[in-house]
Amino acid sequence: MTCRRFIAPNGSCNGCNFSHSLKCHATINAVTRSTQKQQHGGNSGGYQSQHDRNSSKAVNGCTVWESPGGIKIFSGGKDGHWRLWNSTQNFQQEFEQDMGLEVTNVEVYAGFLFCSFVGSCVALPDVSVGMVHVWNLSNPAEAPLEFHLDSQFTPYAHSCGVSSLLVTSTDEGSTDPSKMVLVSGDKKGVIRLWKPPATADQKVFVVQQTFYGHAGEVTGLVICNNFLWSASTDASIRTWDPATGECKYLISKTNQNAHTNAITDMVLWKDQSATFVLTSSLDSTVKAWNSSNGEMCISSDHGEGVICLATVSDSGGKPVLVCGLESGAILLRSLATTPSTPAFTSLLKIVAYYTNGIGHEDGPVKCLRAGPSNTFYSGGEDGKLNVWQVVGGLVD
């Protein structure tokens, strides 16, 4: 357990038997708590304000922007907004944008902000659909690019909410926008691969491939060894050929060692010898899968549902897995095996009850995101966005 005095912003401890390896630098109230919102003018970006909005205050997603002016954080919430927070100004809100009914994902890649949300489009003004808009952060005043199935008749990305969004590159580490790979998955199990605009005059991302097979919400997407991996609330993992849309492999309850309840997240982790796909589930486990053959390598039980995952490093550079739990607790585990610490060893647990309310209460951790300098960020059902830093060694 972590020291409740040390973990607090500006907190310190003269010495105790609890861990002094983790610090919470800020707790941000990241969403609107009002159940209603008035329409407004000004810089609304053309999006309609909504009345009688869902009172839930969940932070659904967060992402890090290493801007020229310092580290900034985007958050997206169930209140229908994405917001920008400035770390150089004590994480004060710098901007907000009203998108519609609910923001489901935010991602920053190659100088662009990607935001998926549930809203209405011109073609179907009275129907909620899944949309994705993209801003060029070097010129954010420009109208955003959009994902369209068809610009004339179907100017949206999915017929329901976008539940998972992957933005990566064909060349690892590249920030060239022309090499971006963009994949979205929706609440009905449909996955789409998108093609970026070919020229500056084009303002729309178009569908390159559609993948059908999942019978539940898509909750995780990664690309590894030229295959697309996906996870779903139908408790299955699928691998796909991006070129043909064909499902090449299925891991479901019929397989030994498979998840037995909804899969909630999926991330990649690479060590010196192999690449692993990590998955979390409401069956209370996190599992590591060998990306080359689909075999499960290790599984750990948490005693409750695991909602989200992220990988960070401790102050000594050792890899750490961060697990967001259904109760609102956050558990840190080792990733690599060392002479004294096996992989998936429990290292540290953050429980708000024991840390004077620092952490997440009133529901699960909804999202996790790694940042620079051993930082990570967590968003919860409680509307909080927490800023964490691993300041000590966790893995021997």
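Scroll up to find the structure.
Here's a quick rundown of the structure. Counting starts from 1 at the beginning of each chain's written sequence and moves along it residue by residue. Whole-chain, interface and lining totals are the exception, using all residues; otherwise, since this is a predicted model, local features are given only for residues with pLDDT of at least 70 and side-chain atom pairs are given and counted only at 80 or more. Remark: hydrogens and water are excluded; side-chain values derive from all non-hydrogen atoms of the structure.

**Regarding the overall build of the protein chain**
Point 1. Looking only at helices and strands, the protein chain features zero helices and 28 strands.
Point 2. Here the globule rule is a power law, 2.2 Å times the number of residues to the power 0.38, and the radius of gyration is based on C-alpha atoms. At 20 Å, the protein chain has a C-alpha radius of gyration in line with the 21 Å of a compact globule built from 396 residues.
Point 3. Once the C-alpha set of the protein chain is aligned to its principal axes, its extents read approximately 65 × 50 × 35 Å.
Point 4. Considering the protein chain as a whole, with its 396 residues, one finds that 56% of them fall into the buried category.
Point 5. Working rule for contacts: check all heavy atoms of both residues, and any pair within 4.5 Å makes them a contact. Residue pairs at least 24 apart in sequence account for 47% of intrachain contacts in the protein chain once pairs closer than 6 positions are excluded.
Point 6. Accessible surface computed for the protein chain: about 17000 Å², of which carbon and sulfur atoms make up 46%.
Point 7. Each charge class in the protein chain was averaged separately, 27 positive and 34 negative side chains, and the resulting centres sit 4 Å apart. Note on conventions: DSSP H or I runs of at least 4 residues are helices, E runs of at least 2 residues are strands, and numbering of each starts at the N terminus. Partly exposed describes any residue whose relative accessible area lies between the buried limit of under 20% and the exposed limit of over 50%, with all areas from a 1.4 Å probe on protein chains only and scaled to the type maximum. All accessible areas in this document rest on Shrake-Rupley with a 1.4 Å probe, and a residue is counted as covered only by the protein chains that are shown. In summary, the charge assignment counts Lys and Arg as positive and Asp and Glu as negative, without counting His or the chain termini. In plain terms, the charge of a residue is placed at NZ if it is Lys, CZ if Arg, CG if Asp and CD if Glu.

**Side note on unusual backbone geometry**
Point 1. Despite not being glycine, Ala235 has its phi angle at roughly 70°, a positive value.
Point 2. Within the secondary structure, Ala235 is located in the loop between strand 15 (227-232) and strand 16 (237-240).
Point 3. The buried category is assigned to Ala235, whose relative accessible area is 3%.

**A few points about the environment of Ser280**
Point 1. Assignment of secondary structure puts Ser280 in strand 19 (residues 275-281).
Point 2. Distance in space between the C-alpha atoms of Ser280 and Gly328 is 15 Å, their sequence separation being 48 residues.
Point 3. If we ignore the near neighbours within four places in the chain, the residues touching Ser280 are His259, Ala262, Ile263, Thr264, Asp265, Thr285, Val286, Val306, Ile307, Cys308 and Leu309.
Point 4. Any N or O atom pair separated by 3.5 Å or less is treated as a polar contact, with the protein-specific requirement of one donor-capable and one acceptor-capable atom, and with residues adjacent in sequence counted only for side-chain atom pairs. Separated by 2.7 Å, the side chains of Ser280 and Thr264 make a polar contact.

**A look at the pairing of strand 13 (residues 204-211)**
Point 1. As defined by bridge partners, strand 9 (residues 145-148) adjoins strand 13 across three bridges and the pair is classed as parallel. Bridging from a neighbouring strand, His148 pairs with Val206 of strand 13.
Point 2. Only strands joined by at least two bridges in the DSSP assignment are considered to pair. Looking at chain direction, strand 12 (residues 191-195) and strand 13 are connected through five bridges and run antiparallel. Within strand 13, the position partnered with Ile191 by the bridge is Phe211.

These results come straight from atomic positions and should not be treated as a statement about function.
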